[in-house]
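# Understanding the architecture of this molecule
These are the residues of each chain, in order.
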Amino acid sequence: MNMVEIADVHKSFGTNKILKGIDLVVKKGEVVCILGPSGSGKTTFLRCLNFLERADSGQILLGDSRVRFAQATKKEVRAIRLKTAMVFQGYELFMHKTALQNVVEGLVIPRKIAKQEANEIGMAMLGKVGMSDKADAYPSQLSGGQQQRVGIARAMALDPDLMLFDEPTSALDPELVGEVLETMKRLAFEGRTMIVVTHEMQFAYEVADKVIFMENGVVVEKGTPDQIFNHSKEDRTKAFLSRLSFDSIKKVV
């Protein structure tokens, strides 16, 4: 059974057409990685899925919720948001709250979970990302990689049907990227359903079930990691990948 069906998503800002009819099907437990140059619409697409941006047209089927983006009511938007969680480029943590408080914020008020239970869930999620010893630390006391792992724990605490990652390593120093990618790999191996916008080609090759290449608001090509990286059919995909150093990717079996 398909977990997520997304059909014909269009989005414009003024006269600038950002998304020009995006379709995507994601099965339960799949990891889909979206690649493409800057300005291709990847982040806008991701933000439309949980109504951080409102698409001009199209629809999403997530679990038992089928919603048209443009006509969605507040109740329908809430239903989708309760089933999704976003991990952002810039962490988006509350600087005046501890790591644990950041993780449980979305449990106590929106989901009305008792504080003690929320704290237990929060500590369990921090443990999963190797951050339980930093529960009482504030974001300013954490490295970028640690802050992003708190962001991932916050998303996991919501127990979403679909996790959305918007270039989660792009703001990190190179030496901190690995710890975040390892955390994401563990999530993938646990069977989490994930859509990941990323420039991390090795991660996409090793972890994704499906890879999508986007440019100029359209899906140029989609397939398995092997199909996209080693046997891409579209010239534009080949040109994009040719500018990247991914010889090591091809050697991974």
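A brief look at the structure comes next. (Residues numbered from 1 in each chain as written. Predicted model: local features only at pLDDT ≥ 70, side-chain atom pairs only at ≥ 80, totals over all residues. Heavy atoms only, no water.)

## Section: the packing of helix 4 (residues 115-128) against helix 5 (residues 144-157)
The interhelical angle for the contact between helix 4 and helix 5, taken along N-to-C directions, is 130°, at an axis separation of 9 Å. Between helix 4 and helix 5, the crossing angle belongs to the class labelled oblique. When you trace helix 4 past helix 5, the crossing you get is right-handed. Only Val150, Ala153, Met156 and Ala157 of helix 5 make contact with helix 4, whose side of the interface consists of Ile121, Met125, Leu126 and Lys128. By residue class, the composition of the contact of helix 4 with helix 5 is seven nonpolar, no polar and one charged. (Axes fitted to C-alpha atoms, helices over the stretch in contact; angles between N-to-C directions. Helix = DSSP H or I, 4+ residues; strand = E, 2+ residues; numbered from the N terminus. Parallel < 35°, antiparallel > 145°, perpendicular 65-115°, else oblique. Left-handed = near helix turned anticlockwise from the far one by under 90°. Contact = heavy atoms within 4.5 Å. Nonpolar A, V, L, I, M, F, W, Y, C, P; charged D, E, K, R; others polar.)

## Brief notes about the packing of aromatic side chains
Applying the stated rule across the entire model yields three aromatic pairs. Relative to Phe69, the ring of Phe51 has its centre 5.6 Å away and its plane inclined at 50°; by these criteria the two rings are tilted. Here Phe51, found in the loop between helix 1 (42-49) and strand 4 (57-62), pairs with Phe69, found in the loop between strand 5 (65-68) and helix 2 (74-81); they are 18 residues apart in sequence, far enough to count as distant. Classification of Phe51 as buried rests on a relative accessible area of 8%. (Phe/Tyr/Trp six-rings, centres within 6.5 Å; stacked < 30°, edge-to-face > 60°. Buried < 20%, exposed > 50% of the residue type's maximum accessible area, 1.4 Å probe, protein only.)

## Notes on helix 3 (residues 99-108)
All buried positions along helix 3 are accounted for by Ala99, Leu100, Asn102, Val103, Val104 and Leu107. Buried positions along helix 3 lie against helix 4 and helix 5.

## Overview of the nonpolar core
Ranked by size, the top nonpolar core spans 51 residues in total, and within it Ile152, Phe165, Met184 and Met194 carry the most contacts. Sort the elements by how many residues they give to this core and helix 6 (residues 174-189) lands first, with seven residues. Aside from chain neighbours lying at most four places away, what touches Ile152 is Val87, Val129, Met163, Phe165, Val180, Thr183, Met184 and Leu187. Residues Met3, Phe45, Ala55 and Leu164 belong to the second largest nonpolar core, which totals 31 residues. (Core = buried A, V, L, I, M, F, W, Y, C linked by side-chain atoms within 4.5 Å.)

## A few points about the sheet that holds strand 7 (residues 162-166)
Taken in spatial order, the six strands of this open sheet run 6-7-8-3-9-10, and their pairing is mixed. One side of each edge strand has no neighbouring strand; the edge strands of this open sheet are strand 6 (84-87) and strand 10 (218-223). With direction set aside, neighbouring strand axes in the sheet form an average angle of 20°. Each of strand 3 (31-35), strand 6, strand 7, strand 8 (194-197) and strand 9 (210-215) touches helix 1; the most contacted strand, strand 7, lies at about 150° to it. (Pairing = 2+ DSSP bridges.)

## A closer look at the pattern of salt bridges
Applying the stated rule across the entire model yields 10 salt bridges. With a closest N to O distance of 4.0 Å, Lys210 and Glu30 form a salt bridge. Note that Lys210 is positioned in strand 9 and Glu30 in the loop between strand 2 (16-27) and strand 3, a separation of 180 residues in sequence. On the basis of relative accessibility, which here comes to 19%, the residue Lys210 falls in the buried class. Two residues, Lys83 and Asp64, come together in a salt bridge whose shortest N-O distance is 2.6 Å. Of this pair, Lys83 sits in the loop between helix 2 and strand 6 while Asp64 sits in the loop between strand 4 and strand 5; the two residues are 19 residues apart in sequence, bridging distant segments of the chain. Salt bridges linked by common partners bring Glu182, Lys185 and Glu206 together as one network. (Salt bridge = Lys/Arg side-chain N within 4 Å of Asp/Glu carboxyl O.)

## As for unusual backbone geometry
Phi is positive for Asp8, close to 55°, though the residue is something other than glycine. Considering the arrangement of structural elements, one finds Asp8 in strand 1 (residues 2-13). Judged by its relative accessible area of 40%, Asp8 is partly exposed.

## What to know about the packing of helix 3 against helix 5
Packing of helix 3 against helix 5 leaves a shortest axis separation of 8 Å and a crossing angle of 30°. If you check the angle between helix 3 and helix 5, you find them roughly parallel. As for how helix 3 packs across helix 5, the hand of that crossing is right-handed. Residues Ala99, Asn102, Val103 and Leu107 of helix 3 pack against Val150, Ala153, Arg154 and Ala157 of helix 5. By residue class, the composition of the contact of helix 3 with helix 5 is six nonpolar, one polar and one charged.

Treat this as a map of the structure, not an account of what it does.
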